[in-house]
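The lines below spell out each chain.
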Amino acid sequence: MVNTFKELERAELNARRPLTAILAAIRFNADGLIPAIAQQHDSGEVLMMAWMNREALEETLDTGRVCYWSRSRNKLWRKGESSGQQQHLRDARLDCDGDTLLLQVEQTGPACHTGRRSCFYVALEKDAARITSEPLIDPDTLYQKPQEGR
């Protein structure tokens, strides 16, 4: 059996492969998930990391609105469905091993359920953890009902 991602290592610039073949070759974990890193397309700011299953990835590619798999709710999670803070896909890329996604998005408002722009606001320093940003929106007003994790 040909390793699709090994074959892509030597592919020429702008070579194209059928999307169905690439989706079939993605290395989803034992739970059928792949990590997806969301990055603001124009600034490069890393906003969040979440999980996608094949259905979430296909929906995202089809609609342009980012959809994840919520492990805590055990269902598809369309970013912004309860907060209104949506992500619109600008570009989607797989890493060289086919086991991590990078989504370049247009984020409306905060990406984090804490009301902050990015989920990565805890800086680990030599002797302490330091909070690097304040919420843009009070998390109690961001959601109509309290969310229990992601």
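Cut-offs and rules
- Residues numbered from 1 in each chain as written.
- Predicted model: local features only at pLDDT ≥ 70, side-chain atom pairs only at ≥ 80, totals over all residues.
- Heavy atoms only, no water.
- Helix = DSSP H or I, 4+ residues; strand = E, 2+ residues; numbered from the N terminus.
- Buried < 20%, exposed > 50% of the residue type's maximum accessible area, 1.4 Å probe, protein only.
- Contact = heavy atoms within 4.5 Å.
- 1 Å grid on protein atoms, 1.4 Å probe; cavity = no way out; pocket = protein on both sides within 12 Å on 5 of 7 lines; lining within 4 Å.
- Points joined across faces, edges and corners; volume = space filled by probe spheres on them.
- Nonpolar A, V, L, I, M, F, W, Y, C, P; charged D, E, K, R; others polar.
- Salt bridge = Lys/Arg side-chain N within 4 Å of Asp/Glu carboxyl O.
- Lys, Arg positive; Asp, Glu negative; His and termini not counted.
- Polar contact = N/O pair within 3.5 Å; in protein donor to acceptor, adjacent residues only side chain to side chain.
- Phe/Tyr/Trp six-rings, centres within 6.5 Å; stacked < 30°, edge-to-face > 60°.
- Lys NZ or Arg CZ within 6 Å of the ring centre and 35° of its normal.
- Core = buried A, V, L, I, M, F, W, Y, C linked by side-chain atoms within 4.5 Å.

Sorry if this is basic, but what is going on with the overall build of the chain here?
Tallying secondary structure elements over the chain gives 4 helices and 8 strands in all. Shown N-terminal to C-terminal, the secondary structure of the chain runs as helices and strands in the order α-α-β-β-α-β-β-β-β-β-β-α. When the backbone C-alpha atoms are referred to their principal axes, the chain occupies close to 50 × 35 × 30 Å. Burial statistics for the chain: of 150 residues in total, 33% are counted as buried. Considering only intrachain contacts with a sequence separation of at least 6, the fraction spanning at least 24 residues in the chain is 45%.

Hey, could you run me through the layout of surface pockets in this one?
To find the voids left in a structure, one rolls a probe of water-molecule size over its atoms. Computed from the structure, the largest pocket encloses a volume of approximately 710 Å³. Lining the largest pocket are 21 residues, with Leu8, Ala15, Arg17, Ile22 and Ala92 positioned closest to its centre. Ranked by residue count, the leading element in the lining of the largest pocket is strand 5 (residues 87-94), at 4 residues. Of the residues assigned to the lining of the largest pocket, the class counts are 14 nonpolar, 1 polar and 6 charged.

So what exactly am I meant to see when it comes to the pattern of salt bridges here?
Side-chain pairs of opposite charge can arise whenever the charged atoms involved come near each other. Tallied over the entire structure, the rule returns 8 salt bridges. For Arg17, the salt bridge goes to Glu7, with nearest N and O atoms at 3.4 Å. Taken together, the residues span a long stretch of sequence, with Arg17 in the loop between helix 1 (4-8) and helix 2 (19-25) and Glu7 in helix 1 at a distance of 10 residues. Residue Arg17 is classed as partly exposed on the basis of its relative accessible area of 36%. On the accessibility criterion, Glu7 (39% relative accessible area) is partly exposed. With its nearest N and O atoms 3.3 Å apart, the salt bridge here joins Arg117 to Glu45. One end of the pair, Arg117, is in the loop between strand 6 (101-107) and strand 7 (122-124); the other, Glu45, is in the loop between strand 1 (34-40) and strand 2 (46-52), and 72 residues separate them in sequence. Arg117 sits in the partly exposed class, given a relative accessible area of 21%.

Teacher, can you tell me more about the side chain of Lys79 here?
Looking at the element boundaries, Lys79 is found in the loop between strand 4 (75-78) and strand 5. Here Lys79 occupies a buried position and makes no salt bridge, while the nearest side chain of opposite charge, Glu81, is found at 9.9 Å. Polar contacts involving the side chain of Lys79 include one to the main-chain carbonyl oxygen of Ala111, which spans 2.5 Å.

It is not clear to me how the packing of aromatic side chains should be interpreted in this structure. Could you clarify?
One pair of aromatic rings is described through two measures. These are the centre distance and the angle between the planes. Evaluated as defined, the whole model comprises 1 aromatic pair. Note on Tyr68 and Trp77: the rings are 5.3 Å apart at their centroids and 40° apart in plane angle, and the pair reads as tilted. There is no split in this pair, since Tyr68 and Trp77 are both buried. Here the basic side chain of Arg116 rests over the ring of Tyr121, its NZ or CZ set 3.9 Å away from the ring centre.

Any chance you could explain the nonpolar core here in plain terms?
Note that soluble globular proteins tend to have their nonpolar side chains buried in a common cluster. Counting residues in each nonpolar core, the largest one holds 23 residues, and the members touching the most others are Met48, Met52, Tyr68 and Leu103. Breaking this core down by element, the ones donating at least two residues are strand 1, strand 2, helix 3 (54-63), strand 3 (67-70), strand 4 and strand 6. With 5 residues, the top contributor of residues to this core is strand 2.

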